[in-house]
Amino acid sequence: MQQVKLISAENELKFSLSGEIDAATSEDFYAQVSAAYEHDKKDVLFDCAALTFIDSTTLGTFVKIFKKLKADGFNMALEHVRANVKKLFDICALNTLMEIRS
């Protein structure tokens, strides 16, 4: 089960991600983030401390969000990314495009 929760919207949209986000839930993840972003366009930060699993579909969803923000002149970052999740970003070299904080 995955959860996407908007936890702050002051200087940036900060989402807390938890559980698993995979092919079955990535569309819902995208819809929730997009709805918040369309309502209040600004930089997006994902707190991934409680995110335990993602798959390749979710990587694609992060890329889709990243491209949308970049096209609008905004930035995206991920923080507190667990080693097993970060490994996927590293393997696909997405860590060279997206800001991934410790």
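What you see is a predicted model; the values in this text were computed from it and never measured.

(A) Focus on unusual backbone geometry. Positive phi, close to 55°, is recorded for His 80, a residue that is not glycine. Mapped onto the fold, His 80 is located in the loop between strand S4 (76-79) and helix H3 (83-91). The backbone of Ala 93 sits at a positive phi, close to 60°, despite the residue not being glycine. Residue placement: Ala 93 occurs in the loop between H3 and strand S5 (99-100). Its relative accessible area of 34% is what places Ala 93 among the partly exposed residues.

(B) Summary view of empty space enclosed by the protein. Inspection of every chain in the model, using the stated rule, returns one cavity of 30 Å³ or more. Of the voids in this model, the largest cavity is the one considered here, and its volume is about 30 Å³. Every residue along the wall of the largest cavity is listed here: Val 33, Ser 34, Tyr 37, Ile 65, Lys 68 and Leu 69. Contributions of two or more residues to the lining of the largest cavity are made by helix H1 (26-39) and helix H2 (56-71). Across the lining of the largest cavity, the residue classes tally to four nonpolar, one polar and one charged.

(C) Structural context of the pattern of salt bridges. Tallied over the full model, the rule gives seven salt bridges. Between Glu 38 and Lys 41 there is a salt bridge whose closest N-O contact spans 3.7 Å. Take Lys 41: its relative accessible area is 38%, and that puts it in the partly exposed class. A salt bridge links Asp 90 to Lys 86; its shortest N-O distance comes to 3.0 Å. Within this pair, Asp 90 and its partner Lys 86 are both found in helix H3, separated by four residues, close to a single helical turn. The class of Lys 86 is partly exposed, set by a relative accessible area of 28%. Here the salt bridges share partners, and the residues they tie into one network are Glu 38, Lys 41, Lys 68 and Asp 72.

(D) Highlighting the state of the cysteines. Under the definition given, this model contains zero disulfides. There is no disulfide at Cys 48, and the cysteine sulfur nearest it, in Cys 92, is 15 Å away. In this structure Cys 48 comes out as buried when scored by relative accessible area, which is 1%. Cys 92 sits in the partly exposed class, given a relative accessible area of 45%.

Criteria and cut-off values
Residues numbered from 1 in each chain as written. Predicted model: local features only at pLDDT ≥ 70, side-chain atom pairs only at ≥ 80, totals over all residues. Heavy atoms only, no water. Helix = DSSP H or I, 4+ residues; strand = E, 2+ residues; numbered from the N terminus. Buried < 20%, exposed > 50% of the residue type's maximum accessible area, 1.4 Å probe, protein only. 1 Å grid on protein atoms, 1.4 Å probe; cavity = no way out; pocket = protein on both sides within 12 Å on 5 of 7 lines; lining within 4 Å. Points joined across faces, edges and corners; volume = space filled by probe spheres on them. Nonpolar A, V, L, I, M, F, W, Y, C, P; charged D, E, K, R; others polar. Salt bridge = Lys/Arg side-chain N within 4 Å of Asp/Glu carboxyl O. Disulfide = S-S within 2.5 Å.

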